[in-house]
Amino acid sequence: AAFAPDPLTLLELALIPNVINFNIPRSLETSLLSVLDKTLNFINAGRELKAATTLGSFISLVESQRGLSISDADSDALVSDAEAAIELLRDSVISR
C-alpha cells in the first residue's frame, strides 16, 4: 500500500525538525516553532482550515526572512513542506 502523508506527520517529521536543524537565528526559530505548535493544536482539535490559515502565516514569516535570516534553499524547503501540508489539510476537509 502506498503511504499517504498526513499534515500532522509532515509537520512532525519535516517542518519542525527542519526549523530546528536549519541555521536560523534563535529568536526567529522560536517564532516559527510557535506558529507550527499552534498549527498542531488546530489539527488535533479538528480545525483543519484554521491550521491551514496558520500555515499561511508561517509561509509569510519564512518569505519575509528569505535571503536574510533564512537561506533561499532552506526557505524553499520550508515553504514547499508548508504548502504540501496546506493542500493535505484542504483535501481532508473536502473529502468529509
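A brief look at the structure comes next.

What counts and how
Residues numbered from 1 in each chain as written. Predicted model: local features only at pLDDT ≥ 70, side-chain atom pairs only at ≥ 80, totals over all residues. Heavy atoms only, no water. Helix = DSSP H or I, 4+ residues; strand = E, 2+ residues; numbered from the N terminus. Rg over C-alpha atoms; globule rule 2.2 N^0.38 Å. Buried < 20%, exposed > 50% of the residue type's maximum accessible area, 1.4 Å probe, protein only. Contact = heavy atoms within 4.5 Å. Expected span 1.5 Å × (residues − 1). Arc of directions from axis to C-beta.

The next point concerns the overall build of the protein chain. In terms of helices and strands, the protein chain carries 4 helices and 0 strands. In the protein chain, the order of α-helices and β-strands from amino to carboxyl end is α-α-α-α. By the compact-globule yardstick of 12 Å for 96 residues, the protein chain fits well, its C-alpha radius of gyration being 13 Å. C-alpha atoms of the protein chain, sized along the principal axes, occupy 40 × 25 × 15 Å. For the protein chain, the residues scored as buried account for 38% of the 96 residues in total. In the protein chain, the share of contacts with a sequence separation of at least 24, taken over all contacts with a separation of at least 6, comes to 63%.

Attention shifts here to helix α3 (residues 48-64). Its 17 residues give α3 an end-to-end C-alpha distance of 24 Å, which sits within 8% of 24 Å, the value for a rise of 1.5 Å per residue. The set of residues buried in α3 consists of Glu-48, Ala-51, Ala-52, Thr-54, Leu-55, Phe-58, Ile-59 and Val-62. Buried residues of α3 fall within an arc of 160° about the axis and therefore sit on the same side.

Moving on: helix α1 (residues 7-21). Under the 1.5 Å per step criterion, the end-to-end length of α1 is 20 Å for 15 residues, consistent within 8% with the ideal 21 Å. Of all the positions in α1, only Pro-7, Leu-10, Leu-11, Ala-14, Leu-15, Ile-16 and Val-19 are classed as buried. Its buried side turned inward, α1 meets α2 (26-44), α3 and α4 (72-94).

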